[in-house]
Amino acid sequence: LTLGTYDTITTYGVKGYEDVPFIKASEYLELLFEGRQRTAVENGIMTVSMNGTEAVIDPAEDTIRFDNPARLRSAGDIDGAIIGKEEYNVATGSVKNKSVQTEARPVTVSLKEYHMPVIPYEDDILMPFLALQNTFGSMIMQNELAYNGRDYYNAVAAEQFMTQKENASSRNSPYANALYSGPFSEKTKTTQAYADYGYYSICLLLDLTFGHKEEKNISSFDEYFTRMNAKPALCSTRPDLALVTEFMLFNYLFDSGHDSVLGIDTVFGTMDQIDKSDVKDVVDEISKSDKGRELFEEKEKIPEEETEMSTDLIIGALLEKGLSIPEVVPLIAWGGYLAQAKPEDYGDQRLDYAGDTAVIYFDSFKDSILKREPSYYLDPVKKEDEETCSFAFFYNCFEDIKKHDEVKNVVINICDNGGGSAAALVYILGFLSEDGEVKFTDRDILAGNYREEYYHVDTNLDGIADDQDGFGGQYDFYIMIS
């Protein structure tokens, strides 16, 4: 997060798409893949090669075809695995158990459906910025940039940094000021072309990555938002109204606290107070539709005594709180509920003992192993490593637990855990297994293939992946969840 480190991307204007940033595909891909990709243009068609698979951008068809989205993200024993080979450190691919996968399917994205043209230009291809970020960037889980009318910033890293309590003052940092003071910050309204661009960008991202479409009866998100009378508000030229509508719908729709609006600051300014009447109009319009009624009926089923804590992220709380966004956005419904019950000085993670039971509490899965120099094999785990690495925290916990002969049970308390790094989850499961072996089964939403991944975690850091790792044979483990 420094203004002194930057790359240059030229932004182009295209007639009929006012304020929509178009960029060269090659420049974005160079930044995204850090030069590891190969691109070639022949007869106006761009081929992108990465990890032994290809993506083809075709301006004539206005499409992007991905041969294997999972492999594009990372190559190893398994395409798109939870832990890529570049992350192997205290965990490696298992020798005892072979990882397997089903065949991935090709994916073709028709950008025409999202009103995003693909334009041949100077032996390259021009595309709307979010057409690239919400396809290529999303597939490798790095759709992190925000455009403020002039520059592109890593908004995800900035937001995560600024929402930490100890970093609250960073909202006045040079980086934050630069991010939020671009040309868009002076606008109370956008052009309709830009408002539509924002709307269809969201539809594109959700269509590709939302994993519950079938059970939610969603064929496409444009159709879904249209069916619930939400499209006009989402396409509003008033950014505040569009964002609040997104905010309401996202927190009704999604099954995870991770998938939501990150914060109250946008490149169009901070929305400290939203007009109640405006939001009521949106709610009334959505409630007129069958799908909208279903959503609001689900909200009404929440027990009255739990309403204040469990609906902080839905419209009921917005109305009750006078629509003061700063009070609502940072809270995750269940996290907010549990936070009220947690002792004031309990901390983010800790190890406690009660008779023959050890209790390990931690509120997030953190992984800094890849970034740590030198590795734990050269520089042993220290107490301060716990702040950034869940493996280090668990390693120290078990070093301490081993000193308590009376301990027979270990409780892992994740009631207030908001998630985090999947790699950190694998490391922790290694401690809970009998021999350090971890099996992880998942399905790639885009590629459609199932993966059964096996890893070995070197929990005792002796440099050998053997049966001496893991503590599953020494203690009875219990997981405490909310």
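Residues numbered from 1 in each chain as written. Predicted model: local features only at pLDDT ≥ 70, side-chain atom pairs only at ≥ 80, totals over all residues. Heavy atoms only, no water.

Another point: the sheet that holds strand β20 (residues 476–480). Across a sheet, strands are paired by hydrogen bonds formed along the backbone, either parallel or antiparallel in direction. Judged by pairing direction, the sheet is mixed, and its four strands sit side by side in the order β15-β16-β17-β20 without closing on themselves. Taken across any chain shown, the strands that pair with only one partner, and hence form the sheet edges, are β15 (349–354) and β20. Recorded for the sheet is a direction-independent mean angle of 20° between the axes of neighbouring strands. Direction of pairing for β15 relative to strand β16 (residues 357–362): antiparallel, over a ladder of six bridges. Across the sheet, the residue bridging to Arg-350 is Tyr-361, located in β16. Seen against the sheet, helix α16 (residues 390–401) touches β15, β16, β17 (409–413) and β20 and runs at an angle of roughly 165° to β16. (Pairing = 2+ DSSP bridges. Helix = DSSP H or I, 4+ residues; strand = E, 2+ residues; numbered from the N terminus. Axes fitted to C-alpha atoms, helices over the stretch in contact; angles between N-to-C directions. Contact = heavy atoms within 4.5 Å.)

Taking 1.5 Å of rise per residue, the 12 residues of α16 would be expected to cover 16 Å, and the 16 Å separating its terminal C-alpha atoms lies within 8% of that figure. The element α16 is largely enclosed, with a buried count of 10 among its 12 residues. On its buried face, α16 sits against β15, β16, β17, α17 (422–432), β19 (450–457) and β20. (Expected span 1.5 Å × (residues − 1). Buried < 20%, exposed > 50% of the residue type's maximum accessible area, 1.4 Å probe, protein only.)

The geometry of α16 relative to α17 is characterised by a closest axis approach of 9 Å and an angle of 20° between their N-to-C directions. Taken together, the axes of α16 and α17 are roughly parallel relative to one another. Note on packing geometry: the crossing formed by α16 with α17 is right-handed. For the pair α16 and α17, the contacting residues are Ser-390, Phe-391, Phe-394, Tyr-395 and Phe-398 in the first and Ala-424, Tyr-427, Ile-428, Phe-431 and Leu-432 in the second. When the residues that make up the contact of α16 with α17 are grouped by side-chain class, the tally is nine nonpolar, one polar and no charged. (Parallel < 35°, antiparallel > 145°, perpendicular 65-115°, else oblique. Left-handed = near helix turned anticlockwise from the far one by under 90°. Nonpolar A, V, L, I, M, F, W, Y, C, P; charged D, E, K, R; others polar.)

Examined against the element boundaries, Thr-245 turns out to sit in helix α9 (residues 239–253). Using a relative accessible area of 0% as the deciding quantity, one classes Thr-245 as buried. Of note is the side chain of Thr-245, whose polar atom sits 2.8 Å from the backbone oxygen of Leu-241. Among all residues touching Thr-245, those that are not within four sequence positions of it are Ala-230, Ala-233, Leu-234 and Val-282. (Polar contact = N/O pair within 3.5 Å; in protein donor to acceptor, adjacent residues only side chain to side chain.)

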